[in-house]
Every structure is written in structure tokens, then in C-alpha cells.
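One-letter residues, chain by chain:
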Amino acid sequence: GESVGLHLPTLSVQEGDNSIINCAYSNSASDYFIWYKQESGKGPQFIIDIRSNMDKRQGQRVTVLLNKTVKHLSLQIAATQPGDSAVYFCAENVGNQGGKLIFGQGTELSVKP
Amino acid sequence: DAGITQSPRHKVTETGTPVTLRCHQTENHRYMYWYRQDPGHGLRLIHYSYGVKDTDKGEVSDGYSVSRSKTEDFLLTLESATSSQTSVYFCATVSGGAREAFFGQGTRLTVV
């Protein structure tokens, strides 16, 4: 598989704790935001998305918060598990073509058992 | 992975040689994309396609060309590889009318 060694911000949490990963986005016109998880040797995997007309969306163990005033996005992971260890990217999209994404640099989440 | 296969998975090539990477999808998705991932830059869009024979440039298209002669295949070509093109390349697809992008497993390209 493929992975890229990145000098990324790192978040280290204890198993069972909640994790919060933050992201600042750049384009005020972006109307769709996505969080991706990338495990070592794999491509990015969709976690959750949110449209600009919302400020919160919940999935299974994950919540995304959007603050358009300060162009800030966060991903909250409840009861973090060792399998959550990965690099997490936020991405923004403008227009109606979902694959034209602008990615953030990513945050590496490390979960200690 | 939405039925996306990238080939080759690894390649080492010499500076100045042409290289073609292939992305094959089985989901009949309309849109296809090529990204590169480098340390410190995250993923950046190289080229994309919104249908057979319809392609356009992304953020970092210089030195790359693409072709899409069939819905299922999207080829990325480096006409004359340079060391700055050493990277991990990801293909992504999106179905028409949706916004969720699915990514392949990536191709690690090393230009020496």
C-alpha cells in the first residue's frame, strides 16, 4: 500500500477518551466540507460530510462542527479506539463537482491503549 | 474503495522517461480525478475528467497530461518525468449527482 510520511500536527489520546481534530479552511465560497481518514498504506476514506447551510452533523461516534464565521471545521470522535489511529484530513469543495477538493495538511491521531 | 484499481502500485523510473499511471473503476462513475500527495502539502488536484474525452486542469497540472477514452479508465501521463514528480498519486471517482469522492489505494512513483 501507499502512504506518505508527513510532518503533521499530532494528537495523542488515551483509548476511550474523546478526540477533537480541528481544521481551518480557506474559501468562503466553499459549500461542502468533508472529513477523510487515511490509514497507513491506504487512500483517504470518507468519514462524514457537512453542507454549508448546517453547523453540526452527527454520525456513528463522529460529529462534525462547522463555524463559517471563522472558517473553522472540527471533527469529534467519541470513545476513541486504537482503530481510529490514522491521519485525518479536512477537505472543502465549491460548486457541484464533489471530487474537486482542497485538502488541509492533515492531523495524525495516535490512540494509546 | 468503490471498485477503483490503480496500476502500477509502485514504480521507479529515470528522469526524462515517460510514465503512465492507470486508474480503472468498475462503478460507472462519471467524474474521475488525479491527486498527488506530498509531505507538507496534503493532497493536491492534478487533473480531472467529467466524462469521456472531457478533461480539465487542476491546481498542479504542469508536466502532466491525462486521457479518458472510456468511462472506466483515466490515464495520467508524465511526458518526461522529473524528480519533483516523485510522489504518491491517488485516483478518485464521484458518481454523477453525488458529492462523495472515493479514492484508490495509490501509486508510489519515484523518479531517480
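Parameters and conventions
Residues numbered from 1 in each chain as written. Chains lettered and ligands numbered in written order. Predicted model: local features only at pLDDT ≥ 70, side-chain atom pairs only at ≥ 80, totals over all residues. Heavy atoms only, no water. Helix = DSSP H or I, 4+ residues; strand = E, 2+ residues; numbered from the N terminus. Rg over C-alpha atoms; globule rule 2.2 N^0.38 Å. Buried < 20%, exposed > 50% of the residue type's maximum accessible area, 1.4 Å probe, protein only. Contact = heavy atoms within 4.5 Å. Areas by Shrake-Rupley, 256 points an atom, 1.4 Å probe, with all protein chains shown as cover. Lys, Arg positive; Asp, Glu negative; His and termini not counted. Charge placed at Lys NZ, Arg CZ, Asp CG, Glu CD. Buried area = accessible area lost by both parts, 1.4 Å probe. Salt bridge = Lys/Arg side-chain N within 4 Å of Asp/Glu carboxyl O. Polar contact = N/O pair within 3.5 Å; in protein donor to acceptor, adjacent residues only side chain to side chain. Nonpolar A, V, L, I, M, F, W, Y, C, P; charged D, E, K, R; others polar.

Across its full length, chain A holds zero helices and ten strands. Of the regular secondary structure in chain A, the N- to C-terminal order runs β-β-β-β-β-β-β-β-β-β. Against the compact-globule benchmark of 13 Å for 113 residues, chain A has a radius of gyration of 14 Å, which places it among compact chains. Its C-alpha atoms put chain A at 40 × 30 × 20 Å along the principal axes. When burial is assessed residue by residue, chain A has 45% of its 113 residues classed as buried. The contacts of chain A with a sequence gap of at least 6 include a subset with a gap of at least 24, amounting to 55%. Here chain A displays about 5500 Å² of accessible surface, and carbon together with sulfur accounts for 45% of that area. Charged side chains of chain A number 10 positive and 10 negative; the gap between the two group centres comes to 5 Å.

So, about the interface of chain A and chain B. At the junction of the two partners, chain A supplies 28 residues and chain B supplies 27 residues. Note on chain A versus chain B: buried area summed over both sides is about 2300 Å², and carbon and sulfur give 52% of it. Counting the contacts that link chain A with chain B gives one salt bridge. D31(A) is paired through a salt bridge with R99(B); the nearest N and O atoms lie 2.9 Å apart. One can count eight residue pairs in polar contact (both at pLDDT 80 or more) joining chain A with chain B. The set of elements that each furnish at least two residues to the side of chain A that touches chain B consists of β3 (32–38), β4 (45–51), β8 (86–93) and β9 (101–103) of chain A. Examining the composition of the side of chain A that touches chain B, we find that three residues originate from one element, β3(A), more than from any other. The class makeup of the residues in the side of chain A that touches chain B is ten nonpolar, 13 polar and five charged.

Our focus in this paragraph is the environment of A29(A). All names here are of chain A. Along the chain, A29 turns up in the loop between β2 (19–24) and β3. Residue class for A29 comes out partly exposed when judged on its relative accessible area of 48%. It is 19 Å that separates the C-alpha atoms of A29 and V64, two residues lying 35 residues apart in sequence.

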